Amino acid sequence: QVQLVESGGGLVQAGGSLRLSCAASGRTFSSYAMGWFRQAPGKEREFVTRITRSGGSTYAADSVKGRFTISRDNAKNTVYLQMTSLKPEDTAVYYCAASSRLLPVRYYEYDYWGQGTQVTVSS
């Protein structure tokens with residue numbers, strides 16, 4: 001079982017940067033691929049990016065490629081999302097998630113979810 005807690009959300013102007021963190025419980029953090037999703041009001045949950053167990057491979061949605069970077073520190077049981085060049089369209093609740101699969105992308109491929117943190121990008 002894994003508990004995930006996101007932090008770092010807030011209000012930022014368009015063009016700015018923000019770094020989200022996700023702290024995980026347990027002693028088997030390195031056994032899980034980690035991902036970030038987001039959900040805006042009235043819209044479906046959207047895949048953002050994911051990283052493999054040892055951090056050797058990352059994959060990101062086209063909408064954030066070149067702007068968002070996922071990383072992890074297994075010694076700290078923490079995964080990060082560095083967001084740059086933020087746009088109003090990035091406004092959403094951001095969730096981190098853990099998966100027992102090797103290369104998860106779809107929401108149903110993730111087993112554990114955090115509570116979410118709000119990111120608001122103003123024009």
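This is a predicted model, so every value here is computed, not measured.

(A) Representation of unusual backbone geometry. If you check the backbone angles, Asn77 has positive phi at about 55 degrees while not being a glycine. Of note, Asn77 is situated in the loop between β7 (68–73) and β8 (78–83). One non-glycine residue, Ser85, lies in the positive phi region at around 50 degrees. Topologically, Ser85 is positioned in the loop between β8 and β9 (92–99).

(B) Layout of the environment of Leu18. Among the structural elements, Leu18 can be located in strand β3 (residues 18–24). When its relative accessible area of 17% is taken as the criterion, Leu18 is described as buried. Measuring from C-alpha to C-alpha, the distance between Leu18 and Ser85 comes to 9.3 Å, with 67 residues separating the pair along the chain. For Leu18, the residues in contact, after removing those within four places along its chain, are Gly8, Gly9, Gly10, Leu81, Gln82, Met83, Leu86 and Val119.

(C) Quick look at the side chain of Thr117. Examined against the element boundaries, Thr117 turns out to sit in strand β11 (residues 117–122). A polar side-chain atom of Thr117 sits 3.3 Å from the main-chain amide nitrogen of Gly9. When near neighbours in sequence (up to four residues on either side) are disregarded, Thr117 contacts Glu6, Ser7, Gly8, Gly9, Leu20, Ala92, Val93 and Tyr94.

(D) Structural detail: the pairing of β8. The buried fraction of β8 amounts to five of the six residues, a majority that puts the element mostly inside the structure. With six bridges connecting them, β3 and β8 associate as antiparallel partners. Bridging from a neighbouring strand, Arg19 pairs with Gln82 of β8. Hairpin connection of β7 to β8: four residues between the antiparallel strands, including Asn77 at a positive phi of 55 degrees.

(E) Region of interest: the sheet that holds strand β1 (residues 4–7). Taken in spatial order, the four strands of this open sheet run β1-β3-β8-β7, and their pairing is antiparallel. The open sheet has two free edges, formed respectively by β1 and β7, since each of these has just one partner strand. Taken pair by pair, the neighbouring strands of this sheet meet at an average axis angle of 15 degrees, ignoring direction. Summarising the sheet, β1 and β3 pair through four bridges and their orientation is antiparallel. Across the sheet, residue Val5 finds its bridge partner in β3, namely Ala23.

Quick notes on the rules
Residues numbered from 1 in each chain as written. Predicted model: local features only at pLDDT ≥ 70, side-chain atom pairs only at ≥ 80, totals over all residues. Heavy atoms only, no water. Helix = DSSP H or I, 4+ residues; strand = E, 2+ residues; numbered from the N terminus. Buried < 20%, exposed > 50% of the residue type's maximum accessible area, 1.4 Å probe, protein only. Contact = heavy atoms within 4.5 Å. Polar contact = N/O pair within 3.5 Å; in protein donor to acceptor, adjacent residues only side chain to side chain. Pairing = 2+ DSSP bridges. Axes fitted to C-alpha atoms, helices over the stretch in contact; angles between N-to-C directions.

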